[in-house]
Structures are given as structure tokens and as C-alpha cells.
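Listed here are the chains, written in short residue letters.
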Amino acid sequence: MLDLDAIRRDFPILEKGVIYFDNAASSLTPEQVVLKEMEFYREYRANVERGVHRFSQMASEEYEGAHEVVADFIGAPSADCVAMLRNTTEGLNLVANSLGFEEGGKIVTTVIEHHSNFITWLRVARRSGCSVEVVRPDREGRFDMADFEAAIDDSTRLVAVTRVSNVLGCKVPVKEIVSLAHEHGALVVEDGAQGVPHLPTDVMDSGVDFMAFSGHKMLGPTGVGGLYICEEELYKTEPLSIGGGTISDVSLDGYELAVAPLRFEAGTPAIAQVIGLGEACRYLDRVGMGEVEVWDEKLSARIVEGLLEIDGVEIYGPSEPRDRVGIVSFNVGEMNSHDVALSLDTEYDIAVRSGHHCALPLMKELFKLPEGTVRASIYLYNTLDEVERFLGGVEDVAG
Ligand SMILES: Cc1ncc(COP(=O)(O)O)c(C=O)c1O
């Protein structure tokens, strides 16, 4: 059971009185993470991996230590396998650029993907001879494995799939998809932007070849995210950028890239943010991701139940609470989603997201909702009392 009072004390921003239900866009940050970042600026502010002086040594130690904590948090076999990049989007683009696809073949993805895990592949197809096949779930976000079996064949080079939909909150059977893809010799990249913050993650268990995720959605700072690359692909994968920090040797006519993960982290990295992300993982580890998952389910089940009782409200995504993380999308009658979100903010101090949530294929193809939805997304510091106040707000707006 989460100690909510203690957790909430770690997030002083909550004292402003806002019910923050926009966690799928970006989470709040606990004091421990803020202080850890400040410690870098106050105690050992220097560049990493370059200097012999004490500040640089300390910064490098903390920077490398953060890689280890993050790697451990996602179940990676070593810190070598986790490159610190800017965010999920950059991780996915790195994979797209590295794989090349000049020889054609097929990329399989799904209609529920965030644009970052969708247009990236459309661009690859536009630039190369490969094609993109899109698998669809039902309206609750449930996939039929037979559709993946039909789509993934020996011409498939990559399957790009999210673990959790940022609109429907549904969980995708990534492990089964990986096993199917591997039978056909295809690689799998997981978009972990919503999965890593909300569910226990073990990349060795799921077997994914790549997984991209963002620090700012999991209590960490903005401007930093990770890309897990499995050991087998680690030295076959091309960095997105190269330059300072990525080499072990350079001569007039060539260069040797450094070992992983340094070869992927060109230029001066987001040092404080990487160290902050390490602290965010420590925080989530202390709380326990299993507990986070249980709390997510409890709050979202009550949100769904409460919203269903309000006349004119339509909800999207799984009806079974166990199939959903703490993300609930809905609409109120014919009201524009932005109007609902604005009313909730100005009249009830509730922050929710509205619009297409960077998932236009899902909005257009699955629900015929180009104007989008209102999205309430919760996290470990939200309370049942906040959920009740949110439901009261929606009821008033709907009335
Ligand atoms: C499922 C999913 N994928 C990718 C992204 C992109 O994340 P970022 O903007 O941190 O790169 C998001 C952000 O909302 C997301 O929800």
C-alpha cells in the first residue's frame, strides 16, 4: 500500500491546490530529484568523461552511476545497454536511422501508436523500399494475436509497438509480439514512454531488442530519456550523431567509436538531467512499481466507474480495469474536448489533457474523432479524494 501522505509531501507543487491529472503528458517531479539535480550544480558542476580534476571525476561518477540505476530499473543486463538520449522520440528515431531499410522489407506497427512511433516509420518507408503494415485492435484496445500472425512474416524487418496506449491506457502484449517477431527474424522496438512509468519493466523478460522511454513521464527531469539496446544489437546499431565523447580514436582519415553507451551520447550530455533520472528511478524503486501499478488500477477503475454514471459521457479503452493503466480518455456529449479541459482547469483547478494526444491515426481510424478526447491520467501521488472531485467537476460540466 502506498504511503500517500509521505509521497505527497515529496511533491510541494501539489500544495498549489491543482489536481494534476495530466501525467501521461508529463509527470510531476519529487524534491529528491530536484535536489539531486541541484547538487550537481552546487557541488561538482563540470563536464563528464573529459577531465581529470575532482569535479569532473565526481560528475562522471554520478553520471555513470545514473546509467546503472536506470539500467537496473528496466531490467537491462548492464549499463552499456542504456544510452541516455533526449526522450522517447529521439530513441525511436535513432533506431529508424540505424536500421537503414535500403533492402526493402516490411515494418509492422499498430494504429494506436503515438506519432513518434508512427510517422518515424512512414518516413522510413517514404525514403526506402520498405512498406509499413498497420495492425488494429478492437475499440477497447484489445489486439487479436492472429492479426499480428497475419502481418508479421519473413519479409518483416522490424515490429514497432507501444507497451501502453497513451490514449486508451490499454496494455499491449509485447512479449507475445516479440516472440512471434523473433520467429520470423524481425527485430522489435518498444515505445516504453507510457509503459516504463506505469508498469514494472523487464526488458530481458519481454525480449525486446530496443526500448525507448522518457524521463519526464516517470518523475524525472525533462530533456532526458533512455534507449535500451539489447546486447546483440549494441554494436550493430549506429549512433544518431557522432562527435565529441563518442570516439576512442581519430586519425586524419578515420575514427573508432567508443564503447557503448558513450558512442550514442554525442556532445556534452544533459548531465544534471541524467543524474536526476537516476534519482527518479531510485524513488520509483523505493515505492515499488508493483504498488504503482495497483494504485493506477484502483484509481482508474473508479474514474471509469464514475464517468460511466454521468449522462452523456463516453469513455474509450478497456472496460476491464486490469487491462488499463491510469489513463482514461472520454468525451462529454458534443462538447469540444478543449472546452471541457478549460472548464475543468478554470472552474475546478483540475489539469487534464485534451485533443488528439499525438495519436491521429487512432482518433481517425478507430473512433472517427479527429477533434480528439479529454484525457485524465493519474500517477502515484493522486488520491481517491481527487478522483471524486474530478468526477464532480465533469458532472457539473456535463450538466
Ligand atoms: C506512447 C508515447 N510515445 C511517445 C511519446 C513521445 O515522448 P517524448 O515527447 O518524451 O519523446 C509519448 C508522449 O506523450 C507517448 O505517450
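Our subject is the structure that appears above.
All of these numbers come straight from a predicted model, not from anything done at the bench. (Residues numbered from 1 in each chain as written. Predicted model: local features only at pLDDT ≥ 70, side-chain atom pairs only at ≥ 80, totals over all residues. Heavy atoms only, no water.)

Caption draft 1: Main features of unusual backbone geometry. At the junction of Ala260 and Pro261, the peptide bond is cis and its omega measures out at 0 degrees in the coordinates. Position of Pro261 among the secondary structure elements: in the loop between β10 (254-257) and α11 (271-287). One non-glycine residue with positive phi stands out, namely Cys358, at about 55 degrees. Among the secondary structure elements, Cys358 is positioned in the loop between β14 (353-355) and α14 (360-366). The backbone phi angle of Lys368 is positive, close to 55 degrees, even though this residue is not glycine. (Helix = DSSP H or I, 4+ residues; strand = E, 2+ residues; numbered from the N terminus.)

Caption draft 2: Fine view of the side chain of Asn117. Within the element layout of this structure, Asn117 appears in the loop between β3 (106-110) and α5 (119-127). The residues contacting Asn117, other than those within four sequence positions of it, are Leu92, Thr109, Ala160, Val161, Thr162 and Asp191. (Contact = heavy atoms within 4.5 Å.)

Caption draft 3: Representation of the sheet that holds strand β7 (residues 210-214). Pairing within the open sheet is mixed, and its seven strands lie in the order β2-β8-β7-β6-β5-β3-β4. The open sheet has two free edges, formed respectively by β2 (82-85) and β4 (131-135), since each of these has just one partner strand. For this sheet the average axis-to-axis angle between neighbouring strands, irrespective of direction, equals 20 degrees. By the bridge criterion, four bridges tie β2 to strand β8 (residues 225-229) in an arrangement that is antiparallel. Among the inter-strand pairings, Val82 is bridged to a residue of β8, identified as Tyr228. Against the sheet, helix α3 (residues 54-73) makes contact with β2 and β7, and its axis sits at roughly 115 degrees relative to β2, the strand it touches most. Sheet strands touched by α5: β3, β4, β5 (156-162) and β6 (187-191). Its angle to β4, the strand with the most contacts, is close to 150 degrees. (Pairing = 2+ DSSP bridges. Axes fitted to C-alpha atoms, helices over the stretch in contact; angles between N-to-C directions.)

Caption draft 4: Main features of the pattern of salt bridges. All told, the structure shown has 19 salt bridges when counted by the stated rule. For Glu62, the salt bridge identified is with Lys36, shortest N-O distance 3.3 Å. With a gap of 26 residues between them, Glu62 in helix α3 and Lys36 in helix α2 (residues 31-43) connect regions that are remote in the sequence. On the basis of relative accessibility, which here comes to 24%, the residue Glu62 falls in the partly exposed class. In this structure, Lys236 and Glu233 form a salt bridge, with 3.5 Å as the shortest nitrogen-oxygen distance. Among the residues examined, Lys236 registers a relative accessible area of 53% and is labelled exposed. Residue classification places Glu233 among the buried positions, given a relative accessible area of 9%. Each of the salt bridges in this network shares a partner with another, and the network as a whole consists of Lys36, Glu39 and Glu62. (Salt bridge = Lys/Arg side-chain N within 4 Å of Asp/Glu carboxyl O. Buried < 20%, exposed > 50% of the residue type's maximum accessible area, 1.4 Å probe, protein only.)

Caption draft 5: Structural context of the environment of Leu199. One can find Leu199 in the loop between α8 (195-198) and α9 (203-206). Distance in space between the C-alpha atoms of Leu199 and Phe55 is 36 Å, their sequence separation being 144 residues. When near neighbours in sequence (up to four residues on either side) are disregarded, Leu199 contacts Arg163, Val164, Lys171, Met289, Glu293 and Val325.

Caption draft 6: Inspection of the sheet that holds strand β15 (residues 373-377) at higher detail. One open sheet holds the four strands; their spatial order is β11-β12-β15-β14, and the pairing between them is antiparallel. Looking at which strands have only one partner, the edges of the open sheet turn out to be β11 (313-316) and β14. Neighbour-to-neighbour, the strand axes of the sheet open up by a mean angle of 30 degrees, direction not taken into account. Pairing geometry for β14 and β15, over three bridges, is antiparallel. Within β15, the position partnered with Arg353 by the bridge is Arg375. Contacting β12 (327-332), β14 and β15, helix α13 (residues 337-348) crosses the sheet at an angle of about 160 degrees to β14.

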